[in-house]
Amino acid sequence: ETMNSAVSEEPDALSVVNQLRDLAADPLNRRAIVQDQGCLPGLILFLDHPNPPVVHSALLALRYLAECRANREKMKSELGMMLSLQNVIQKTTTPGETKLLASEVYDILQSSNMSDMDNVNEMNYRRRKAQFFLGSTNKRAKTVVLHIDGLDDSSRRNLCEEALLKIKGVISFTFQMAVQRCVVRIRSDLKAEALATAIASTKVMKAQQVVKSESGEEMLVPFQDTPVEVEQNTDLPEYLPEDESPTKEQDKAVSRVGSHPEGAASWLSTAANFLSRSFYW
């Protein structure tokens with residue numbers, strides 16, 4: 001009997017990978033996660049998971065971790081990392097946004113120990129190769145920098161993240177909390193206004209676009225107030241029934257953990273423990 005109750009309380013793969021992604025979003029945790037014995041191998045295994053949102057969430061976590069320059073060499077040399085990223089890029093069933101995100105992570109790690117010149121050549125080569133795999137249906141990705149009024153704590157960041165993840169065409173995003181910014185990579189056929197509409201839908205935040213003038217100065221440009229039609233990520237609900245999505249309470253717990261590295265360390269050991277036992281699908 002006790003065995004059964006223990007099994008039913010076992011977190012599912014999606015909630016574990018989402019918690020890792022939330023922890024990785026906080027720059028204070030990025031070194032600890034990569035140093036941990038179980039988390040990186042776990043994230044690599046998640047890249048082969050049959051459930052597409054799990055794969056995308058694992059890639060977002062890796063994208064965050066790769067932002068920390070000191071992590072890149074270890075990540076690149078981790079067993080199975082580069083191979084699994086290639087598999088995601090080459091698999092015909094991988095959604096377009098996920099392919100672009102995987103090739104972005106691959107590029108960052110591949111170029112981690114090169115000189116700047118080699119780096120540029122390698123990036124161009126990889127990009128051409130990625131374009132070839134992605135086929136002509138996926139146009140290039142573009143970057144939009146948003147200044148978000150009201151983005152001032154981790155619960156707001158979670159709200160923002162949820163809103164962005166619902167938009168079809170969003171590939172990845174990086175938060176710069178200190179300056180209330182979010183750098184979003186989107187497919188080139190998605191209008192930046194869609195991001196503003198999604199953020200406005202939180203009712204507590206508002207986005208402006210950060211653009212550079214010809215003289216190189218940054219300016220804030222407000223979006224039009226007319227909301228644009230946002231195409232929802234229709235494939236998400238199929239894999240994420242309401243009762244399985246991590247509860248709001250858990251989200252709150254994670255964002256609290258995120259701001260205390262020592263709390264993160266204890267959560268990481270729980271995650272690593274789960275990861276080491278759970279890859280028997």
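Each remark here, short or long, concerns the structure printed above.
Our subject in this report is the structure included herewith. Each chain carries its own residue numbering, running from 1 in the direction its sequence is written. Thresholds applied to this predicted model are a pLDDT of at least 70 for local features of residues and 80 or more for the giving and counting of side-chain atom pairs; totals over whole chains, interfaces and linings are not thresholded and use all residues. Heavy atoms from the whole structure form the basis of all side-chain values; hydrogens and water molecules are not counted.

1. Focus: the sheet that holds strand β2 (residues 170-176)
As a general point, the strands of a sheet are linked pairwise by backbone hydrogen bonds and lie either parallel or antiparallel. Defined as follows: For two strands to pair, DSSP has to find at least two bridges joining them. Comment: elements are numbered from the N terminus, with helices defined as DSSP H or I runs of at least four residues and strands as E runs of at least two. Here the axes come from fitting lines to C-alpha atoms, over the contacting stretch only for helices, and the angles between their N-to-C directions go from 0 to 180 degrees. Whether two residues touch is decided by their heavy atoms; if any such pair falls within 4.5 Å, the residues are in contact.
What the five strands build is an open sheet, ordered β2-β3-β1-β4-β5; its pairing is antiparallel. With one partner strand each, in any of the chains shown, β2 and β5 (218-222) form the two edges of the open sheet. Within the sheet, the average angular offset between the axes of one strand and its neighbour, ignoring direction, is 35 degrees. Summarising the sheet, strand β1 (residues 141-149) and strand β3 (residues 181-187) pair through seven bridges and their orientation is antiparallel. What sits directly across from Thr143, in β3, is Arg185. In the packing of helix α11 (residues 192-200) onto the sheet, contacts are made with β1, β2, β3 and β4 (206-212), and the angle to β1 comes to roughly 35 degrees.

2. Thoughts on the pairing of β4
As paired strands, β1 and β4 are joined by four bridges and run antiparallel to one another. Across the sheet, the residue bridging to His147 is Gln208, located in β4. Here β4 folds back onto β5 in antiparallel fashion, the turn holding five residues, of which Gly216 has a positive phi close to 90 degrees.

3. Some words on the environment of Lys142
Put simply, the rule is: For every residue, the accessible area (1.4 Å probe, protein chains only) is compared with the maximum for its type, and the residue is labelled buried under 20%, exposed over 50%, or partly exposed between those bounds. Counted as a polar contact is a pair of N or O atoms within 3.5 Å, where, for protein atoms, one must be capable of donating a hydrogen and the other of accepting one, and residues adjacent in sequence contribute only when both atoms are in side chains.
Tracing the sequence through the fold places Lys142 in strand β1. The exposure class assigned to Lys142 is partly exposed, which follows from its relative accessible area of 30%. Separated by 50 residues in the primary sequence, Lys142 and Ala192 have C-alpha atoms spaced 9.7 Å apart. Ignoring any residue separated from it by four or fewer positions in sequence, one finds Lys142 in contact with Val184, Arg185, Ile186, Arg187, Ser188 and Leu190. Separated by 3.4 Å, the side chain of Lys142 and the backbone oxygen of Ser188 make a polar contact.

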